[in-house]
Protein chains: 2
Amino acid sequence: MKSIPVVLLGCGGVGTQLLQHIVSCRSLHAKQGLVLRVVGVCDSKSLILVSDVFTKDLDDSLLLEICRLKNSSSSLATLTSFGECKVFTNLELKRKVLDIAALLGKSIGLTFVDCTASSETVGVLCRVVELGCCVVLANKKPLTSDMDDYEKLVLHPRHIRHESTVGAGLPVITSINRLLASGDTIARIIGSLSGTLGYVMSEVEDGKPFSEVVKAAKGLGYTEPDPRDDLSGMDVARKALILARLLGWRINMDNIKVESLYPQEMGPNTMSLDDFMASGLPSLDKDIEEKTKVASINGNVLRYVCMIEGSSCLVGIKELPKDSPLGRLRGSDNVVEIYSRCYSELPLVIQGAGAGNDTTAAGVLADILDFQDLFP
Amino acid sequence: MKSIPVVLLGCGGVGTQLLQHIVSCRSLHAKQGLVLRVVGVCDSKSLILVSDVFTKDLDDSLLLEICRLKNSSSSLATLTSFGECKVFTNLELKRKVLDIAALLGKSIGLTFVDCTASSETVGVLCRVVELGCCVVLANKKPLTSDMDDYEKLVLHPRHIRHESTVGAGLPVITSINRLLASGDTIARIIGSLSGTLGYVMSEVEDGKPFSEVVKAAKGLGYTEPDPRDDLSGMDVARKALILARLLGWRINMDNIKVESLYPQEMGPNTMSLDDFMASGLPSLDKDIEEKTKVASINGNVLRYVCMIEGSSCLVGIKELPKDSPLGRLRGSDNVVEIYSRCYSELPLVIQGAGAGNDTTAAGVLADILDFQDLFP
C-alpha cells in the first residue's frame, strides 16, 4: 500500500470538505493501493499532530470530529479528546510544522495542503518546498505574492499543484500544463472566472439594472458579504496572475490592469456598505446600461473577464461576440477560452461551476493524488 | 537529467508528427531536466533500433529523416543510412520489441507509444505492460478489443495513458480521471465526438439536405474516403466504449447500441461507393429532414452523440435542447458534457478541435511526459 502523508493547513469550508472527501474515498483509494494518511491539521492557532509521523495518522472518527468542530466555528484548541495526538499552538506550531517537513520531506515524502485564505502561509510553504515536500494550494495568495516567493514555491514544478485556485475543480491548470508540456504555444487566454460577476453580467444583458442585479445576488448569497469584494475585480486579478505566471510571465499584481466596477470614492475606506448599497450602486446603473446598449448594437455582449495576450494581462469589462463560448455564457458558470497553435481558430473551451466547497475540495484531492508516483 | 526511453509503434501522420514535436521540444524539455530518448521506431514491417537501448538514442537528424521518408509513403526498410542502429523485420521485429521491454521495463523504464490504427498491437502491448513498461495510445483499437485484453492493458493504471483516443488532445480523459480520483460520481457523459458528424448535423440544422452536406464534407476532405466509415457511427462507438470502460463498466463493443446513419442494405458490402453517393445518400434526405423539423418544433436540434448513463451506452442521433453546450455546437468541434455530483445541474463542458495530427500528437506527448515521475 502506497502511503501519502498529508498536513492540512486551514480547516474552513474547503478544508473540512477535503477531510470529508478523504474519509469517504477510503475504500476507493484502497482499491488503487493508496492511503492518504492525514498526519496533521492546522487552523490559525493550533496544530493537531499524530504522535509518530512515520506510521500513525489521525483516524477517521477524529477527522470527522474536527469537521464537526470547525463547522460550528470552534477552534481546534477546544478539541478535548484526541488520543495519542498532540496539540501545538502559536510559536510552537510553525517550528513543529518545519520539523516534520524536514523529517519526512526527503525520506517518505509529505504533502502540505493550503486551504486557508491567508497570505501568511507563503513563508512556511516556501520552506517546506525546499525541504522536499509537495504542496497543493486552494489558497491563491501564496501564488500571487511577490515573484521571489513564487519562484521558491515552483522551484520543483512536479512538487506543486494548484488546480483549485482557478475555477475551483475545473481542469483549467491541468489543461494548460498539458498544452505547455507538449510544446504548444498559448497565444491568448480569456476567461470569466468569477461566478458572481458572470451572473451579474448575464442578468444585466437581459435588461435588468446593475444595482438590482447586485442586490439580488447579495440576497441569494452569491456575493461576498460586502459585494465590493467581488466588484473590485481583485479576486479575478489574482486568478489572472496565477494563469499568466503559469505561462512563464514574470509579473506581479501591479502589472495587471484591473477595472473595478465601482469608482475609488465608493470604496470600503470612504463609503459604508449601507451607503454603497443604497445610493452608490444605483448611481452606476446608467453607465453600465449604456455600455450594454452599445455592445448590443455591435452584436456583442459585455462580460467581466481576464484577458492574457501578447504582453498584457487585463481584468475588466470586455465586449465579446454574442456567439462565442463566453458570449453565450449564462448564470454563474466559469468559462475559459484558450487559443494556441493547436486551438488557433476556435479555442479549447472549459466550462462549469467554478466555485463551491465540494468542487474546490475535489480539485484539491485530485491534485494530492496526482503526486502518487512521487511517494514510495 | 531524467531520461524517458520511448519506442514508437506506427509512423503515419500522428507518429511522424509526434517525432517532430519531440525534436522541436528538445530545449523546452531540457529546461525541465527531461530528455525523451527515442530508442526505436516501428512501421508495419520494420523496427529501427539503437545499438544500445540503455544509453543511445535515434538522433534528431535520423528522426527527421524517418519523418521525411514516411511522409512520402516509403517503408522504414528503405532507410539507407542509420549509423549504428539496427533494422529488424517481420518475425524478428516482435521478438526484439519484447526483448527490450524485458530489459528496460523494470530497470530504467520504457514507454511504448502506439500511433498505429491497427488491431494487431494489443498482444504486444499487453506483454510489455506485464514487463513493467508504460504505454501511451492514440490507437483506439487495443482499448476496444475484448475485456480480457483491456484488463491486461490497464493492469497498472498509472502506467497507461490514452488521452488522444477521445477528442484528440482535448483533456477529456484527464478530466474524467481527476473526477474519479476525487471520489466524484459521474452520472452521465454525453458528447459529440466526431468532428465530421458534428459538422454534418449542424449544417443539416440550417436546412441543407443531408446528402448535399455529406457530399460537400467529402469534397472538403472532412470525411473518410468512403463517408460510410464516418456515417456508420463505429468510430464514435469505439470512443464511447473507451469512456464507459474508464468509468469501470465491464462492457464490449456489442453492448453498445449504435445507430448507423445509413441502412444495412447500403453498406460497403452490398453497395458501391459511387452508387451510395449517387442514389443511396439522397434517398436518406427526407427522413432526416423530417426528424430535424420535429426537433425544431420541440425547440431542439439533432446531434449525433454518444450517451453514457445509468446502465446504457448509446451512439446515435439525439434531440437536444438548442440552448445547451451540445445544442449550440457549430462546425467540427468536439464537445463533451459531464454530469456528476460536483457538476449536477450544469455539466462540466470541454470543447475544441477533436481531430488533426498536430493536436493528437500533442496529446500523446503530454501523456508521455505525465509518466516522468515513474522514471529515474
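Every residue gets a number counted from 1 within its own chain, in the order that chain's sequence is written. Labels follow written order: the first chain is A, the first ligand is 1, and so on. Since the coordinates come from a predicted model, pLDDT governs what is reported: local features require at least 70, and pairs of side-chain atoms require 80 or more to be given and counted, while whole-chain, interface and lining totals use all residues. Think of the side-chain values as coming from all heavy atoms in the structure, minus any hydrogens and water.

With that settled, the discussion passes to the domain arrangement of chain A. Residue and element names in this part refer to chain A. Structurally, chain A comprises domain 1 (2–169 + 358–374) and domain 2 (186–353). By definition, residues are in contact when any of their heavy atoms lie within 4.5 Å. Counting residues at the interface gives 14 residues for domain 1, matched by 16 residues for domain 2. Here domain 1 meets domain 2 over a buried area of about 1,300 Å², counting both sides, of which 63% is carbon and sulfur. The buried area of a pairing is the accessible area, by a 1.4 Å probe, that goes missing from both parts when the two are put together, added over both. Looking at the side of domain 1 facing domain 2, the largest losses of area belong to Thr144, Met147 and Val166, adding up to 42% of the total buried there. Salt bridge, as used here, is a side-chain nitrogen of Lys or Arg placed within 4 Å of a carboxyl oxygen of Asp or Glu. Linking domain 1 with domain 2 are 2 salt bridges, by the criterion used here. Here Glu151 ties to Arg250 by a salt bridge, and the two come within 2.0 Å at their closest N and O atoms. Polar contacts here mean pairs of N or O atoms no more than 3.5 Å apart (in protein, one a potential hydrogen donor and the other a potential acceptor; neighbouring residues in sequence count only if both atoms are side-chain atoms). At the junction of domain 1 with domain 2, the criterion picks out 6 residue pairs in polar contact (both at pLDDT 80 or more). Here a strand is any run of E in DSSP of at least two residues, a helix any run of H or I of at least four, and the numbering for each starts at the N terminus. Ranked by residue count, the leading element in the side of domain 1 that touches domain 2 is helix 6 (residues 147–153), at 3 residues. Its residues assigned to classes, the side of domain 1 that touches domain 2 comprises 4 nonpolar, 6 polar and 4 charged. The domain limits used here are those given by an automatic or database domain assignment. Residue type decides the class: Asp, Glu, Lys and Arg count as charged, Ala, Val, Leu, Ile, Met, Phe, Trp, Tyr, Cys and Pro as nonpolar, and the leftover types, Gly among them, as polar.

Residue and element names in this part refer to chain A. Strand order in this open sheet of 7 strands is 4-3-2-1-5-6-7, and the pairing throughout is mixed. Each edge of the open sheet carries a strand with a single partner, namely strand 4 (86–89) and strand 7 (160–161). The pairing criterion for strands is at least two bridges between them, as found by DSSP. Note: strand 2 (residues 34–42) against strand 3 (residues 46–49), 3 bridges, orientation antiparallel. In the sheet register, Val41 faces strand 3, and the bridge partner there is Ile48. Sitting on the sheet, helix 1 (residues 13–24) is in contact with strand 1 (2–9), strand 2 and strand 5 (111–114), with an inclination near 150° to strand 2. Only C-alpha atoms enter the line fits that serve as axes; for helices the fit covers just the stretch in contact. Angles between N-to-C directions range over 0 to 180 degrees.

On to the nonpolar core, then. In terms of nonpolar packing, the biggest core is built from 248 residues, with Val41 and Phe112 of chain A together with Val41 and Phe112 of chain B touching the most fellow members. Filtering out sequence-adjacent residues up to four positions away, Val41 of chain A remains in contact with Leu8, Cys11, Leu19, Ser46, Leu47, Ile48, Leu58, Leu63, Ile66 and Leu76 of chain A. Nonpolar cores are built from buried Ala, Val, Leu, Ile, Met, Phe, Trp, Tyr and Cys residues. Side-chain atoms within 4.5 Å join them into one set. For the exposure calls, accessible area comes from a 1.4 Å probe over protein chains only, and a residue counts as buried if that area is under 20% of its type's maximum, exposed if over 50%, partly exposed in between.

Further remarks concern the UniProt feature "binding site: NADPH" (unreviewed entry) in chain A. All names here are of chain A. UniProt positions are given in the numbering used here, feature names are shortened, and annotations may be inferred rather than shown by experiment. If you check UniProt for "binding site: NADPH" (unreviewed entry), the listed places come out as Thr116 and Lys140 in our numbering. These annotated residues cover 25 residues of sequence, but their C-alpha atoms sit close together, with the largest distance between any two at 9.1 Å. Tracing the sequence through the fold places Thr116 in the loop between strand 5 and helix 5 (122–130). Non-local contacts of Thr116, meaning those with residues more than four positions away in its chain, are made with Leu9, Gly10, Thr121 and Asn139. Separated by 3.2 Å, the side chain of Thr116 and the backbone nitrogen of Ser118 make a polar contact. The residue Lys140 is located in the loop between strand 6 (134–137) and helix 6 in this model. With a relative accessible area of 18%, Lys140 lands in the buried category.

Residue and element names in this part refer to chain B. Ordered in space as 4-3-2-1-5-6-7, the 7 strands form an open sheet in which the pairing is mixed. Both edges of this open sheet fall to strand 4 (86–89) and strand 7 (160–161), since each of them pairs with a single strand only. With 2 bridges connecting them, strand 6 (residues 134–137) and strand 7 associate as parallel partners. In the sheet register, Val136 faces strand 7, and the bridge partner there is Arg161. The sheet strands contacting helix 1 (residues 13–24) are strand 1 (2–9), strand 2 (34–42) and strand 5 (111–114), and the helix crosses strand 2 at an angle near 150°.

What follows concerns the relation of the copies chain A and chain B. When chain A is fitted onto chain B, the two copies agree to an RMSD of 0.0 Å after a turn of 180° and an axial shift of 0.0 Å. Here the symmetry operator amounts to a two-fold rotation axis. Judged by C-alpha distance, Ile350 of chain A is the residue of chain A that lies nearest the rotation axis, at 2.4 Å. A shared interface surface links the copies, since 100% of the contact residues of chain A are contact residues in chain B too. To superpose the copies, least squares is applied to the C-alpha atoms of every residue with a pLDDT of at least 70 in both.

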